[in-house]
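For reference, the chains in residue letters:
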Amino acid sequence: MIEVKIIADSISPAGKRLTTMQLKYPRFLLAQLNTHRVFSRSTASSRAIPTLKLLEQVELEPVLPEFWGKNQAGMQAESEIDPAEIEAALQIWQQAAQSAANHVRELLKYGVHKQLVNRLLEPFLHAQTVVTATEWDNFFQLRCHHDSQPEMQVLVCAMRDAMNASKPEETIYHLPYITQDDKDWADRRVRHGYEWYDLLAPMSAARCARVSYLKHDGQKADVQSDLKLAGKLESAGHWSCFEHQAKALRSPEERSGNFFGWEQHRQVIDKGNRN
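Source: prediction; values computed, not measured.

Undergrad: Please clarify how the nonpolar core should be interpreted in this entry.
TA: Most often, soluble globular proteins have nonpolar side chains that are buried together. By size, the foremost hydrophobic cluster in this structure holds 21 residues, and its most contacted members are L23, Y25, W136, F139, L155 and M159. When contributions to this core are tallied by element, the ones reaching two or more residues are β2 (17-26), α1 (30-34), β4 (126-133), α5 (137-143) and α6 (150-165). If you tally residues by element for this core, the top one is α6, at six residues. The contact partners of M159, leaving out residues within four places of it in the chain, are V4, M21, L23, V131, W136, F139 and F140.

Structure below.
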């Protein structure tokens, strides 16, 4: 199942749009998504998620092909195999997923760590990715195209449609996963000398690192755990989750990291650590 959700959609006073999406898609597409350098990305690691949760995903909702292409020379399949063959192929694919799950359960009996056994499940897993960018047109042109892999076409066309349906909010701050309650909390802290954006940006980064507002155990994040995680990530040099937050710049042409028209929070952190 492919899912696309707009998490934050902002437009600066200078007219530059910055959009964050949360994606669910076949994990085998991750390498293709990672080739686009204009994106800031945070993807849930299969090393971080408990094996039993991944086993549940594989056994109840394994990744299935969108298009059962018929074998031929070249990178693209122009036609599908026959309907009866699709039914047989689907059963074989599902058997392969169950076989992988069975082998993982066997390895767990020997105490093998999740960072290893979880890898056997990856062909049948969905990935969860937060992606943020100001530049989208070339990506849509390349990937929402019949030459792209069918599953990639479905994902990227859904991303394009979601952007077209979304109305960006004019603002000077872009803060994915930050709620109105979070903003009210920050407003109260500002009265005691704290900077509003500097309070909320680390919370947003922590939630992007988790690839949602929820922890892997399904519980909502809280302020203290967010700030603790953000501090741990920053001190360890894991700065990619700080790429999703930004302040509007005066010029839509001014660049910060891989953004145009917005100052990326990672660049501020990076500069601070070099001083």
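Undergrad: What am I meant to see in the pairing of strand β3 (residues 40-43) here?
TA: Note on strand geometry: in a regular strand, side chains alternate between the two faces of the sheet. Burial along β3 is one-sided: the face carrying S40 and S42 is buried and the face carrying R41 and T43 is not. With four bridges joining them, β3 and β4 adopt antiparallel strand pairing. Its bridge partner being in β4, S40 is matched across the sheet by T132.

Undergrad: What is the right way to look at the state of the cysteines in this model?
TA: Throughout this description, disulfide means a covalent bond between two cysteine sulfur atoms. Enumeration over the complete set of coordinates arrives at one disulfide. Here C144 is linked by a disulfide to C157, with a sulfur-sulfur distance of 1.9 Å. Across the S-S bond of C144 and C157 the torsion is about 100 degrees, and the bridge reads as right-handed. Here the residue C144 occupies a position in the loop between α5 and α6, and C157 occupies one in helix α6, the gap between them amounting to 13 residues.

Undergrad: Would you mind showing me how to read the sheet that holds β4 here?
TA: Within a sheet, adjacent strands bond to each other through the backbone by hydrogen bonds, running parallel or antiparallel. On the basis of which strands lie adjacent, the open sheet formed by five strands has the order β3-β4-β2-β1-β5 and mixed pairing. Since the sheet does not close on itself, it has two edges, and those belong to β3 and β5 (169-170), each with one partner.

Undergrad: How should the packing of aromatic side chains be read in this particular structure?
TA: For any pair of aromatic rings, the description rests on two quantities: the centre-to-centre distance and the angle between the ring planes. Inspection of every chain in the model, using the stated rule, returns eight aromatic pairs. Taking the centre distance of 5.8 Å and the plane angle of 45 degrees together, the rings of F139 and F140 count as tilted. Both residues of the pair, F139 and F140, belong to the buried class. One aromatic cluster is present, built from ring pairs that chain together F39, W136, F139 and F140.

Undergrad: Which parts of the structure should I look at to understand α6?
TA: Since the α-helix packs 3.6 residues into each turn, any two residues three or four apart lie on the same face. With 16 residues, α6 extends 22 Å between its outermost C-alpha atoms, agreeing within 8% with the 22 Å of an ideal straight helix rising 1.5 Å per residue. Elements in contact with the buried residues of α6: β1 (3-11), β2, α1, β4 and α5.

Undergrad: Can you help me understand the environment of P50 in this one?
TA: Inspection of the secondary structure assignment puts P50 in the loop between β3 and α2 (51-60). Along the sequence, P50 and Q115 sit 65 residues apart, while their C-alpha atoms lie 9.3 Å from each other.

Undergrad: What am I meant to see in the packing of α2 against helix α3 (residues 83-109) here?
TA: Any two packed helices are characterised by how steeply their axes cross, that is the angle between the axes, and by the distance between the axes. Running from N to C, α2 and α3 point in directions that differ by 160 degrees, and their axes come no closer than 9 Å. As the angle between them shows, α2 and α3 are arranged roughly antiparallel. As α2 runs across α3, the sense of the crossing is left-handed. Judged by residue contacts, T51, L52, L55, V58 and E59 of α2 engage A97, Q98, A101, V104, R105 and L108 from α3. Across the contact of α2 with α3, the residue classes tally to seven nonpolar, two polar and two charged.

Undergrad: Quick question: what am I supposed to make of the pairing of β4 here?
TA: Taking burial as the measure, the eight residues of β4 include seven buried ones, the bulk of the element. The pairing of β2 with β4 spans eight bridges and is antiparallel. In the sheet register, P26 faces β4, and the bridge partner there is H126.

Undergrad: I'm lost on helix α9 (residues 223-235) in this one. Help?
TA: With 13 residues, α9 should cover 18 Å at 1.5 Å per step; its first-to-last C-alpha distance of 18 Å lies within 8% of that length. Buried within α9 are the following residues: V223, S225, D226, A230 and L233. Down the axis of α9, the smallest arc covering the buried residues is 165 degrees, so these residues share one side. The outward face of α9, more than 90 degrees from its buried face, is lined by the exposed residues Q224, K228, K232 and S235. Contacts from the buried residues of α9 go to α7 (180-190) and α8 (196-210). G237 sits one or two positions beyond α9 and adopts a positive phi of about 80 degrees.

Conventions and cut-offs
Residues numbered from 1 in each chain as written. Predicted model: local features only at pLDDT ≥ 70, side-chain atom pairs only at ≥ 80, totals over all residues. Heavy atoms only, no water. Core = buried A, V, L, I, M, F, W, Y, C linked by side-chain atoms within 4.5 Å. Buried < 20%, exposed > 50% of the residue type's maximum accessible area, 1.4 Å probe, protein only. Helix = DSSP H or I, 4+ residues; strand = E, 2+ residues; numbered from the N terminus. Contact = heavy atoms within 4.5 Å. Pairing = 2+ DSSP bridges. Disulfide = S-S within 2.5 Å. Phe/Tyr/Trp six-rings, centres within 6.5 Å; stacked < 30°, edge-to-face > 60°. Expected span 1.5 Å × (residues − 1). Axes fitted to C-alpha atoms, helices over the stretch in contact; angles between N-to-C directions. Parallel < 35°, antiparallel > 145°, perpendicular 65-115°, else oblique. Left-handed = near helix turned anticlockwise from the far one by under 90°. Nonpolar A, V, L, I, M, F, W, Y, C, P; charged D, E, K, R; others polar. Arc of directions from axis to C-beta.

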